Amino acid sequence: MKKILLVILGIIVILAAILLIKTYTYPFKKNMADAGEGWKPVKNDSAILRLSGGIKIPTVSTGSLGEFDYAPFARFKEYLKISYPLVYQHAENVEVNQYGLVFRLKGSNPALEPILFLAHMDVVPPGDADIKNKEDNIFKPDDTPLSPVIKVAEDWDYAPFSGAVANGRIYGRGAIDMKGMLFSLMESMNNLIRNKQIQQRDIYLAFGFDEEVGGQKGAMQIAGYFKKKGLKFDAVYDEGGLIMRKGNVAGIDSDVAVVGCAEKGFLSAKIKVKGLGGHSSMPPMESAIGKAAVIMKRLEDDQMKPMITPLIKEFFDNIGGAMPFTSRLAIANQWLLRPLLLSKLTKNNTTNALVRTTTALTMMKGSDGTNVLSPEVEFVVNFRLLPGNTVKDVREHIARATKGFDVEVEEIDNTREASGISPIHTKAFKMIEAGVKEIHPGAIVTPYLTMAGTDAGKYEIVSKNVYRFMPIKITSAEQQSIHSTNEYLSIENYMKMIHYFEYIMKNYDK
Ligand SMILES: [Zn+2]
């Protein structure tokens, strides 16, 4: 008996030793938290004014695809022309589908594959009150772009289309998403031209105009245009990741630059459940609502299986070094602790979304009367697909959850597969690391999975190196302002973003 106990004790000691050794020798990326401040921004007032003026033009994409008001888009196009005459003189520019804009700054070596920087000029409406439809908030079309008359909407420090410059910030809808980046790109290209710095590769900029409603008329057409010309890009850079300020990623003691190397897919299914209707005074044993409830419960209880994909493994290898001991232990010992790690990750909404195809019940409809049994109940379930799961997998999953019930399943919105995964051992990715190091040397740079859809995915037909990242350092609260209220871009972030893009453009072949 004593012998057995000793053996068990021995095994435990050996196991603990292995776990510890693995934890301390695991190749986590080194954390450069004390690397200093990096490039010091110099305030450029004219660049600030140009962005501010661009924010004043309410290029809102809303409602049905392509049914929004295009007048502001036409003005925005004109505004860019006036603001960046050098770019228009020295770079080739093409309009795709009227409002899509492409610029090409020719390089000296046509044998090299070009690089492409993306942005979109459309923005979401400024808030719950659709300002454009409010009588007293009408944007006067005869105003110059620099002086729109829009009154302050509640919850905004400054009106959403004021482009107000105050408190070291530039305020307005689109400041972060994503006119800030669009103007940074124009500024960078403008600087290269002004300083006569011709690079080896062709540098392209491409701006869509309907990203917020799916990008079918903008990015999709531009990507098609490139494809038709036979272009292949060595790098495609779009939005979809940020630099999270230290203290804003739970458990990580550092700034973290997350670079989207893939994005999740999308499937929304409207499920109609049939039952017996009638009056609530003589109800059938089973109502349509009761049946729908069973299906919904199945969908929530038995979700798509979580998994640690190679991309997420890479993510943890990069940030793990800055995490507390228990997390490092679990990451370094997945051979034994993977189930434990997964169960921990799936208990948090943010990390859960990184390791599985998520399930969200979003809408539901029964009868309109308090005493009326509806013969049909419908609800909507939205899945965001993890790369590794396919649309076919999700369809089978829905079929399992609805088994035994009389249902009709209809996919609404645009179903799309998760994107491919862009490699990280590329020059294109290394340039992001170098660029971040230039402006925020202390930040950990890591590949990541972008949750929302962007224009980037449409460019997979012209490049295998597609990265989603906007080089601005923000807090979670500032991140929340995107698509919400009081969106602003700090002047420091704007100046650094211009420098970052200029750095990448200038150093790509150095
Ligand atoms: Zn955006």
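From a predicted model like this one, the values you see are computed outputs, not experimental measurements.

Describe the UniProt feature "domain: Peptidase M20 dimerisation" (unreviewed entry) in the protein chain, and please don't skip the residues or the numbers.
The sites that UniProt annotates as "domain: Peptidase M20 dimerisation" (unreviewed entry) are residues 262-401. Across residues 262-401, the secondary structure splits into 44% helix and 24% strand, with the terminal C-alpha atoms separated by 28 Å.

Explain the pairing of strand E16 (residues 444-450) residue by residue, including any values.
For a regular strand, side-chain orientation follows a simple rule: the groups alternate between the two sheet faces. With 7 of 7 residues buried, E16 is to be regarded as a mostly interior element. In the sheet, strand E9 (residues 256-263) pairs with E16 via 7 bridges, with the strands oriented parallel. Bridging across to E16, Val 258 finds its partner in Thr 446.

Any details on the nonpolar core? Residues and values, ideally.
Core analysis: the largest hydrophobic core is formed by 98 residues, its most contacted members being Leu 80, Phe 117, Met 186, Phe 207, Tyr 237 and Tyr 494. At 11 residues, the largest contribution of residues to this core is made by helix H5 (residues 175-194). Looking at which domains feed residues into this core, each of domain 1 (45-256 + 420-507) and domain 2 (261-416) gives three or more. Contact partners of Met 186, with chain neighbours within four places excluded, come to Leu 80, Tyr 84, Val 87, Tyr 88, Phe 103, Leu 205 and Phe 207. Counting 20 residues, the second largest nonpolar core, distinct from the first, contains Leu 267, Ala 269, Val 273 and Phe 383.

Kindly report on H5, identifying the contributing residues and their values.
Counting buried positions over the 20 residues of H5 gives 19, a clear majority of the element. Lys 196 occupies a position one or two residues after H5 and carries a positive phi of about 55°.

An account of the sheet that holds strand E4 (residues 165-166) is requested, with residue identities and associated values reported.
Spatially, 3 strands are ordered E4-E5-E19 in an open sheet, and the strand pairing comes out antiparallel. Looking at strand neighbours, the two that pair on one side only are E4 and strand E19 (488-490), the edges of this open sheet. The pairing of E4 with strand E5 (residues 169-171) spans 2 bridges and is antiparallel. By the bridge assignment, Val 165 is partnered in E5 with Ile 170. Along the sheet face, H5 touches E5 and E19 and points at about 50° away from the line of E19. Across the sheet, helix H15 (residues 491-507) touches E4, E5 and E19, and the angle it forms with E19 is around 70°.

Could you give an account of unusual backbone geometry, with specific residues and numbers?
Of note, the amide linkage connecting Asp 177 to Met 178 takes the cis form, showing an omega dihedral of -15°. Summarising the element assignment, Met 178 is placed in helix H5.

Break down the coordination of the zinc ion for me, with residues and values.
Donor atoms from the polypeptide that coordinate the zinc ion comprise His 120 (NE2), Asp 177 (OD), Glu 239 (OE) and Glu 239 (OE), at 1.9 to 2.7 Å from the metal. Classification of the site at the zinc ion rests on its 4 donor atoms, whose angles at the metal span 52 to 138°, yielding the label irregular. On the primary sequence, the residues serving as donors to the zinc ion are separated as H-x56-D-x61-E. In this pair, His 120 is assigned in strand E3 (residues 115-120) and Glu 239 in the loop between strand E7 (235-238) and strand E8 (243-244), connecting sequence segments 119 residues apart. We note that His 120, like Glu 239, is buried.

Provide a residue-level description of the pattern of salt bridges, including the pertinent values.
Taken as a whole, this structure holds 23 salt bridges when the rule is applied. The salt bridge involving Glu 95 is made with Lys 77; its shortest N-O contact spans 3.2 Å. Here Glu 95, found in strand E1 (residues 92-96), pairs with Lys 77, found in helix H3 (residues 71-83); they are 18 residues apart in sequence, far enough to count as distant. Between Arg 104 and Asp 202 there is a salt bridge whose closest N-O contact spans 2.8 Å. Of the two residues, Arg 104 sits in strand E2 (residues 100-105) while Asp 202 sits in the loop between H5 and strand E6 (203-208), which places them 98 residues apart along the sequence. Like Arg 104, the residue Asp 202 is buried in the burial classification. When salt bridges that share partners are traced, they join Arg 201, Asp 234, Lys 427 and Asp 509 into one network.

Can you explain the sheet that holds strand E14 (residues 376-385)? Please cite residues and give values.
Strand order in this open sheet of 4 strands is E12-E14-E10-E15, and the pairing throughout is antiparallel. Looking at the sheet topology across the chains shown, the edges are occupied by strand E12 (358-365) and strand E15 (407-416). Neighbour to neighbour, the strand axes of the sheet diverge by 20° on average, direction disregarded. As defined by bridge partners, strand E10 (residues 265-274) adjoins E14 across 10 bridges and the pair is classed as antiparallel. Residue pairing in the sheet places Lys 274 in a bridge with Glu 376 of E14.

Conventions and cut-offs
- Residues numbered from 1 in each chain as written.
- Predicted model: local features only at pLDDT ≥ 70, side-chain atom pairs only at ≥ 80, totals over all residues.
- Heavy atoms only, no water.
- UniProt positions renumbered as here; feature names shortened; annotations may be inferred.
- Helix = DSSP H or I, 4+ residues; strand = E, 2+ residues; numbered from the N terminus.
- Buried < 20%, exposed > 50% of the residue type's maximum accessible area, 1.4 Å probe, protein only.
- Pairing = 2+ DSSP bridges.
- Core = buried A, V, L, I, M, F, W, Y, C linked by side-chain atoms within 4.5 Å.
- Domains from an automatic or database assignment.
- Contact = heavy atoms within 4.5 Å.
- Axes fitted to C-alpha atoms, helices over the stretch in contact; angles between N-to-C directions.
- Donors = N, O, S within 2.8 Å, 3.2 Å for Na, K, Ca; no water.
- Tetrahedral: all angles 85-135°; square planar, octahedral: opposite > 155°, others 65-115°.
- Salt bridge = Lys/Arg side-chain N within 4 Å of Asp/Glu carboxyl O.

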